[in-house]
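Observations on the model geometry
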Amino acid sequence: MNYIYVDSGNSLSGDGSLQNPYNDISSVFSLSELEHPVSILIKADSVFWGLREDSNNLLYNKTSEISYLSTYGIGDKPKFVQDSSGDYGFVLPAAKNLTIRGIEFVGDYQNTNPNHCVYTKPVRTDSDENANVWYEQCRFSAKPNRNQAWAEALRMNAGSGPVAGRVSSFGLRSCVFVGVPRGAWLLGNSSAPSTQQYNIGD
């Protein structure tokens, strides 16, 4: 297992080690590649404001082992806080064999047409339709004193990823939703199935 550490309280940009962690998850997402399986560990009490996106699809893990985005240390869950610009808060455009564990995602929900706080696209490979992407023991909350518009805290939309086709095995485990206008919206196929016999994921 490869380990990368992130601590928003580190005054330096860091190198991802336990002794000198990155100070922003964006430093991980800007890497040219990741060696899987990997555990990206965010220190308790860390807070990240505004959009964070894995634009290089680094968490598209095609190995047979699970990678993790999780926490370390003692304190409150690390937080990703959506800003009021209308952007998402946290985006994984392509994810496979990944567990996101023990993170809090704080939505804004104030805009007239807000985006979801968290958007994730579970994807498959040519030989394996199971995405195995799970939000586990996470908390989805909302900023207080908002005139909330209707947007999901979490949207997981398999749709069309690097490999098209039906996508199975993804979702939530032991998560909590507090004060959000809508909870989670999950879709396994981007279009209606050709028959009703195997209507999986719709």
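1. Thoughts on the sheet that holds strand β7 (residues 90–95)
Taking strand neighbours across the sheet as the criterion, the five strands line up as β4-β7-β10-β13-β16 in an open arrangement whose pairing is parallel. Lying at the two open borders of the sheet, with one neighbouring strand each, are β4 (52–53) and β16 (182–187). Both strand β10 (residues 118–122) and strand β13 (residues 152–157) contribute to a ladder of three bridges, which runs parallel. Bridged to Tyr 119 within β13 is Arg 155.

2. Some thoughts on the packing of aromatic side chains
The relation between two aromatic rings is expressed through the spacing of the ring centres and the mutual angle of the planes. All chains considered together, the criterion is met by eleven aromatic pairs. Judged by centre distance (5.2 Å) and plane angle (85 degrees), the ring pair of Tyr 5 and Tyr 72 falls under edge-to-face. Of this pair, Tyr 5 sits in strand β1 (residues 2–6) while Tyr 72 sits in strand β5 (residues 67–72); the two residues are 67 residues apart in sequence, bridging distant segments of the chain. Taken as a pair, Tyr 5 and Tyr 72 share a single burial class, namely buried. Pairing Phe 90 with Phe 105 gives two aromatic rings, centres 5.3 Å apart and planes at 50 degrees, and the pair type is tilted. Placement of Phe 90 in strand β7 and of Phe 105 in strand β9 (residues 104–107) is noted, with a sequence separation of 15 residues between them.

3. Section: the nonpolar core
Ranked by size, the top nonpolar core spans 40 residues in total, and within it Ile 100, Phe 105 and Tyr 135 carry the most contacts. Every element with two or more residues in this core is listed here: β1, α1 (25–29), β2 (38–43), β7, β8 (98–101), β11 (130–136), β12 (139–142) and β13.

4. A short note on the sheet that holds strand β6 (residues 79–81)
In a beta sheet, neighbouring strands are held together by backbone hydrogen bonds and run either parallel or antiparallel to one another. What the five strands build is an open sheet, ordered β3-β6-β9-β12-β15; its pairing is parallel. Looking at which strands have only one partner, the edges of the open sheet turn out to be β3 (47–49) and β15 (176–178). With strand direction ignored, the average angle separating the axes of adjacent strands in the sheet is 15 degrees. Sheet topology note: the β9/β12 ladder contains four bridges and is parallel. Note that in β12 the partner of Glu 104 across the bridge is Arg 139.

5. Overview of the environment of Asn 157
Summarising the element assignment, Asn 157 is placed in strand β13. Judged by relative accessible area, Asn 157 falls into the buried class, the value being 16%. Through-space distance from the C-alpha of Asn 157 to that of Val 123 is 9.1 Å; in sequence the pair is 34 residues apart.

6. Quick word on the pairing of β10
Within β10, five of the five residues are buried, which leaves it mostly tucked inside the rest of the structure. The side-chain alternation of β10 yields two buried faces, one formed by Val 118, Thr 120 and Pro 122 and the other by Tyr 119 and Lys 121. As paired strands, β7 and β10 are joined by four bridges and run parallel to one another. Residue Leu 92 lies in a different strand from β10, and its bridge partner there is Thr 120.

7. A few points about the side chain of Lys 96
If you trace the backbone, Lys 96 turns up in the loop between β7 and β8. Only 2.4 Å separates the side chain of Lys 96 from the backbone oxygen of Asn 130, close enough to count as a polar contact. Not counting residues up to four positions away in its chain, the partners in contact with Lys 96 are Leu 59, Tyr 60, Asn 61, Val 123, Arg 124, Thr 125, Asp 128, Asn 130, Ala 131, Asn 132 and Val 133.

What counts, and at which threshold
Residues numbered from 1 in each chain as written. Predicted model: local features only at pLDDT ≥ 70, side-chain atom pairs only at ≥ 80, totals over all residues. Heavy atoms only, no water. Pairing = 2+ DSSP bridges. Helix = DSSP H or I, 4+ residues; strand = E, 2+ residues; numbered from the N terminus. Phe/Tyr/Trp six-rings, centres within 6.5 Å; stacked < 30°, edge-to-face > 60°. Buried < 20%, exposed > 50% of the residue type's maximum accessible area, 1.4 Å probe, protein only. Core = buried A, V, L, I, M, F, W, Y, C linked by side-chain atoms within 4.5 Å. Axes fitted to C-alpha atoms, helices over the stretch in contact; angles between N-to-C directions. Polar contact = N/O pair within 3.5 Å; in protein donor to acceptor, adjacent residues only side chain to side chain. Contact = heavy atoms within 4.5 Å.

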